[in-house]
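Here is how the chains run, residue by residue.
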Amino acid sequence: AQTIHQWPVAEIKAVGSPLSLGCTIKGKSSPNLYWYWQATGGTLQQLFYSITVGQVESVVQLNLSASRPKDDQFILSTEKLLLSHSGFYLCAWSQGAGDERLFFGHGTKLSVL
Amino acid sequence: AQKVTQTQTSISVMEKTTVTMDCVYETQDSSYFLFWYKQTASGEIVFLIRQDSYKKENATVGHYSLNFQKPKSSIGLIITATQIEDSAVYFCAMREAGTGGYKVVFGSGTRLLVSP
């Protein structure tokens, strides 16, 4: 069975500090990977997607970057956090090839102070 | 550009009744996929049900079913015999099958409260 693990579970960071969030998918080779951001009580905003190692596409510009260093790993980062980066970050994967369902990780709650 | 709209912010129902949540979408693509997801109080998001645009028959999974009205660009979620544990936020989402096929757009969500 496939599993998705996100880390950390929660972070409290200062404005201007760097950030790195991670996501690992086990049990599925070459998944399509996604990063989503959710403000408290808000909708899910897609940030990035990746369909292969080393290739990441940006959907919206929020002063964040993403990388896929391994087939099963997706990293979200920034060198300088803004207050507006606070929220809930969710990693998701899909199988592709006609199965378009998204499977989400448990998310990382980020508070920028 | 694709867009998904959920106008119902919140709905309250009694247990064991049927509830319908509305969703309308906009797309230029002739082929697309529509989904409903559920987010529980813990933040966990799970896939519920899916409708492919080319399929005329409404999808059904357990006590979830869809009311797909393609001419109206509408995909309603129907939950029958609601249970307390159905209390959650429900998101409608769309994915186009064309060149933008890796972009999945979500609606703003509808909060469902099921009371005993």
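Keep in mind it's a predicted model, so treat the numbers as computed, not measured. (Residues numbered from 1 in each chain as written. Chains lettered and ligands numbered in written order. Predicted model: local features only at pLDDT ≥ 70, side-chain atom pairs only at ≥ 80, totals over all residues. Heavy atoms only, no water.)

(A) Seen up close, the nonpolar core. Counting residues in hydrophobic clusters, the biggest one holds 25 residues, and the most contacted among them are W36, I75, L77, Y90 and L112 of chain B. Mapped by element, the contributors of at least two residues to this core are β2 (10-14), β3 (19-21), β5 (32-39), β6 (45-52), β8 (64-69), β9 (74-79), β10 (88-96) and β12 (110-115) of chain B. Residue contributions to this core peak at four residues, all from β10 of chain B. In this structure, I4, C23, A66 and L110 of chain A belong to the second largest nonpolar core, which totals 20 residues. (Core = buried A, V, L, I, M, F, W, Y, C linked by side-chain atoms within 4.5 Å. Buried < 20%, exposed > 50% of the residue type's maximum accessible area, 1.4 Å probe, protein only. Helix = DSSP H or I, 4+ residues; strand = E, 2+ residues; numbered from the N terminus.)

(B) Structural detail: the interface of chain A and chain B. On the side of chain B, 17 residues touch chain A, which itself brings 21 residues to the contact. In this assembly, chain A packs against chain B so that about 1700 Å² is buried in total across both faces, 59% of it on carbon and sulfur atoms. For the pair chain A and chain B, the number of links is one salt bridge. R95 of chain B is the partner of E100 of chain A in a salt bridge, and the nearest nitrogen-oxygen pair spans 3.0 Å. Applying the counting rule to chain A against chain B returns eight residue pairs in polar contact (both at pLDDT 80 or more). Secondary-structure elements contributing two or more residues to the side of chain A that touches chain B are β4 (32-38), β5 (44-52) and β9 (87-94) of chain A. Counted by class, the side of chain A that touches chain B contains ten nonpolar, eight polar and three charged residues. (Contact = heavy atoms within 4.5 Å. Buried area = accessible area lost by both parts, 1.4 Å probe. Salt bridge = Lys/Arg side-chain N within 4 Å of Asp/Glu carboxyl O. Polar contact = N/O pair within 3.5 Å; in protein donor to acceptor, adjacent residues only side chain to side chain. Nonpolar A, V, L, I, M, F, W, Y, C, P; charged D, E, K, R; others polar.)

(C) Summary view of the sheet that holds strand β7 (residues 65-70) of chain A. Residue and element names in this part refer to chain A. With respect to topology, four strands assemble into an open sheet ordered β1-β3-β8-β7, the strand pairing being antiparallel. What marks the edges here is a single partner per strand, and that holds for β1 (3-7) and β7. Taking each pair of neighbouring strands and ignoring which way they run, the sheet shows an average axis angle of 20°. (Pairing = 2+ DSSP bridges. Axes fitted to C-alpha atoms, helices over the stretch in contact; angles between N-to-C directions.)

(D) Geometry of unusual backbone geometry. P8 of chain A follows W7 of chain A through a cis peptide bond whose omega is -10°. Within the element layout of this structure, P8 of chain A appears in the loop between β1 and β2 (10-13). Backbone geometry places K16 of chain B, a non-glycine residue, at a positive phi of 75°. For K16 of chain B, the position within the fold is in the loop between β2 and β3. K16 of chain B sits in the exposed class, given a relative accessible area of 68%.

(E) The arrangement of the packing of aromatic side chains in detail. All chains considered together, the criterion is met by 13 aromatic pairs over all chains. Pairing F91 of chain B with F106 of chain B gives two aromatic rings, centres 6.4 Å apart and planes at 80°, and the pair type is edge-to-face. Residue F91 of chain B is found in strand β10, and its partner F106 of chain B is found in strand β11 (residues 104-106); the two are separated by 15 residues along the sequence. No difference in accessibility class separates F91 of chain B from F106 of chain B, as the two residues are buried. Taken together, the ring pairs in this structure connect Y36 and F104 of chain A together with F35, Y37, F47, F91 and F106 of chain B into an aromatic cluster. (Phe/Tyr/Trp six-rings, centres within 6.5 Å; stacked < 30°, edge-to-face > 60°.)

(F) Region of the structure containing the layout of surface pockets. Counted as a void, the largest pocket has a volume near 460 Å³. Residue lining of the largest pocket: 22 residues in total, with Q38, T40 and G41 of chain A together with Q39 and R111 of chain B positioned closest to the centre. Sorting the residues of the lining of the largest pocket by element identifies β9 of chain A together with β10 and β12 of chain B as the ones contributing at least two each. In terms of residue count, β10 of chain B provides more of the lining of the largest pocket than any other element does, three residues in total. Its residues assigned to classes, the lining of the largest pocket shows six nonpolar, 14 polar and two charged. (1 Å grid on protein atoms, 1.4 Å probe; cavity = no way out; pocket = protein on both sides within 12 Å on 5 of 7 lines; lining within 4 Å. Points joined across faces, edges and corners; volume = space filled by probe spheres on them.)

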